[in-house]
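# Breakdown of the fold
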Amino acid sequence: MISGLISAEECAGCRQCCKFAYTDLMLTPLITPELAEEIRRRLPEQRFISREGTFLLRLEPEADDPGTYYCTLLDRKRGCIMGSRKPFECAIWPFAVTEKEGELAIALSPECPIAAKKPEAQIKRTAEQIADRAFEEAKKYPELIKPCPPGAKVIVEEHAES
Ligand code: SF4
């Protein structure tokens, strides 16, 4: 959750972004090797899916809803157990790094019900504040660059003239 756009209270009441359908499991947050070490310390039973140097969390389906997978780092009462050390994609959600015409860009996911109600100027200002760091991180870990989902709106382009 990106502070500056969404408050901790607003986020705590939703957690839509910590829940995945089976078809979205490859879109779960990228775990860097450093973060995997920290997760292993906090949650020794956590298993990972290896992806050429980075990882995904191995999630299990809900017992009463086999098509739904909650992130294993989600405490259903208190939120993400990683706090300020959560994966980069989670820290910038509902923004995501994507590509537009071959250039890096920041898109706003249409799936966040809270961001959808925020003023456009606030959305743009917040996206501009995270853009440089997000582009830098995406160059280091290209797996962070996700296809622009249907309905997502590109807010910032890396080399766009202002
Ligand atoms: S790492 Fe934390 S913020 Fe990210 S999906 Fe899991 S519980 Fe949610």
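Residues numbered from 1 in each chain as written. Predicted model: local features only at pLDDT ≥ 70, side-chain atom pairs only at ≥ 80, totals over all residues. Heavy atoms only, no water.

### A few points about the overall build of the protein
Under the convention used in this document: Only runs of H or I of at least four residues qualify as helices and only runs of E of at least two qualify as strands under DSSP, and these elements are numbered from the N terminus. In this treatment the radius of gyration is a C-alpha quantity, and the globule benchmark scales as 2.2 Å times the residue count to the 0.38 power. Throughout this description, buried means an accessible area under 20% of the type-specific maximum (1.4 Å probe, protein chains only), exposed means over 50%, and partly exposed covers the range between. Contacts are assigned to residue pairs with any non-hydrogen atoms lying within 4.5 Å of each other. In short, Shrake-Rupley with a 1.4 Å probe defines the accessible areas, and a residue's cover is counted only from the protein chains shown.
Helix and strand counts for the protein stand at four helices and ten strands. Traced from its N-terminal end to its C-terminal end, the protein shows the element sequence α-β-α-β-β-β-β-β-β-α-β-β-α-β. Relative to the compact-globule value of 15 Å for 162 residues, the protein shows a C-alpha radius of gyration of 16 Å, a close match. Projected onto its principal axes, the C-alpha positions of the protein cover 50 × 35 × 30 Å. Counting every position in the protein, which comprises 162 residues, the buried fraction comes to 41%. Put simply, of all contacts in the protein between residues at least 6 apart along the chain, 65% involve residues at least 24 apart. Accessible surface, the protein as shown: approximately 9600 Å² in total, 51% of it carbon and sulfur.

### Some words on the pairing of strand β3 (residues 54–57)
Inclusion rule: One requirement defines pairing of two strands: DSSP has to find at least two bridges between them.
Alternating residues of β3 divide into T54 and L56 and F55 and L57, and every residue in both groups is buried. Note that strand β2 (residues 48–51) and β3 share four bridges and pair antiparallel. Counted as the bridge partner of R51 is T54 from β3. Counting the residues in the hairpin turn of β2 and β3 gives two residues, including E52, whose phi is positive at 50 degrees.

### Re the layout of surface pockets
To keep it simple, the criterion reads: Grid spacing is 1 Å over the protein atoms alone, the probe is 1.4 Å, and a cavity is where that probe fits but cannot get out, while a pocket is an open set with protein on both sides within 12 Å along at least five of seven lines and lining residues have an atom within 4 Å of a point. Grid points are joined across faces, edges and corners, and a volume is the space filled by probe spheres set on the points. Polar here means any residue outside two lists: the nonpolar Ala, Val, Leu, Ile, Met, Phe, Trp, Tyr, Cys and Pro, and the charged Asp, Glu, Lys and Arg; Gly therefore counts as polar.
The volume enclosed by the largest pocket comes to roughly 1000 Å³. Taken together, 43 residues make up the lining of the largest pocket; nearest its centre are C17, C18, F20, C90 and W93. Those elements that provide at least two residues to the lining of the largest pocket are α1 (8–12), β1 (19–21), β5 (65–70), β7 (79–80), α3 (88–92), β8 (95–100) and β9 (103–108). Tallying contributions element by element places α3 first for the lining of the largest pocket, with four residues. Tallied by class, residues from the lining of the largest pocket come to 29 nonpolar, six polar and eight charged. One number sums up the size of the second largest pocket: a volume of about 370 Å³. Residue lining of the second largest pocket: 18 residues in total, with K86, P87, F88, R133 and E137 positioned closest to the centre. Elements supplying a minimum of two residues to the lining of the second largest pocket: α2 (33–42), α3 and α4 (120–140). The element contributing the most residues to the lining of the second largest pocket is α4, with four residues. Taken together, the residues that form the lining of the second largest pocket break down as ten nonpolar, two polar and six charged.

### Notes on empty space enclosed by the protein
Counting across every chain of the model gives one cavity of 30 Å³ or more. Considered as a void within the structure, the largest cavity measures approximately 70 Å³ in volume. Residue lining of the largest cavity: eleven residues in total, with C11, C14, C17, W93 and C112 positioned closest to the centre. Considered class by class, the residues forming the lining of the largest cavity number nine nonpolar, one polar and one charged.

### Some words on the pattern of salt bridges
Heads up, the condition is: Here a salt bridge means any side-chain nitrogen of Lys or Arg lying within 4 Å of a carboxyl oxygen belonging to Asp or Glu.
Scanning the entire structure with this criterion turns up 13 salt bridges. For E157, the salt bridge is made with K100, and the minimal N-O distance between the two is 3.3 Å. Of the two residues, E157 is situated in strand β10 (residues 153–157) and K100 in strand β8; the sequence distance between them amounts to 57 residues. With relative accessibility at 32%, the residue E157 sits in the partly exposed group. The class for K100 is partly exposed, based on a relative accessible area of 31%. Residue K124 pairs with E128 through a salt bridge whose shortest N-O separation is 2.6 Å. Residue K124 and its partner E128 are both found in helix α4; the two are separated by four residues, about one turn of the helix. Overall, the relative accessible area of 43% leaves E128 in the partly exposed class.

By themselves, these are just geometric observations and shouldn't be taken as functional.
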